[in-house]
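Listed below are the residues making up each chain.
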Amino acid sequence: GTPLDETILAGEFAVSRTPIREALRLLAASGLIDQKAHARALVAKPDAATLAGMFEVMAYLEALSAGLSAVMMSADERQALGAHHATMAAIVRAGDRQAYVEANETFHSLIYAGAHNAYLDELTRSTRQRLQPFRRAQFQTLGRLGRSHEEHTRVVAAILRGDRVGAEEVMRSHISTVENAYQELRGA
């Protein structure tokens, strides 16, 4: 609901209003801001039902990506996923939330790419972008980094053993847990 003023943003970032307008247009296209003609742009604030619907779709898209990755990933892609997951363990031990957020992006991107379905990749990334602020917020809950990594361990194990159904189930459960963690934080 925060208003975004082009002039103030241009001054803050020391740029003209043209790149600010373009950035706002892109943010509006991705659903992160609400922008109407001849009105100030506002940071989008989806209602609870809309947000629940977005998480529901995200769970299905991510589950489909994980399931396809279980049967489509090459040996090199599987090795890269396992290695990246191992690297994330050190980040969890260090308690570095920002590094985990970035590594989490890569983790999920490896799974999208491993599905070898460009259209699914595009849809999943687009939906992920719209949910990004809410997904990131969940890492502020106590113990969430460790629990997220444990959930990822189950996803990686299912993918590495080629278990399509199992990968879909554990990924869907992971995304449901992400939504619940966000709701827990929001209610706090």
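Here goes a summary of the coordinates provided. (Residues numbered from 1 in each chain as written. Predicted model: local features only at pLDDT ≥ 70, side-chain atom pairs only at ≥ 80, totals over all residues. Heavy atoms only, no water.)

What follows concerns the pattern of salt bridges. The final tally for this structure, using the stated rule, is 10 salt bridges. Of the charged contacts in the structure, one is a salt bridge between Asp 5 and Arg 40, with a shortest N-O distance of 3.5 Å. Of this pair, Asp 5 sits in the loop between strand E1 (3–4) and helix H1 (6–13) while Arg 40 sits in the loop between strand E2 (33–34) and strand E3 (41–43); the two residues are 35 residues apart in sequence, bridging distant segments of the chain. Classification of Asp 5 by relative accessible area gives partly exposed; the value is 23%. Note on Arg 40: relative accessible area 48%, which makes it partly exposed. We note a salt bridge from Glu 151 to Arg 144, for which the minimum N-O separation is 2.9 Å. Look at Glu 151 and you get buried, because its relative accessible area is 8%. In the salt-bridge network here, residues are joined through shared partners; they are Glu 6, Arg 17 and Arg 21. (Salt bridge = Lys/Arg side-chain N within 4 Å of Asp/Glu carboxyl O. Helix = DSSP H or I, 4+ residues; strand = E, 2+ residues; numbered from the N terminus. Buried < 20%, exposed > 50% of the residue type's maximum accessible area, 1.4 Å probe, protein only.)

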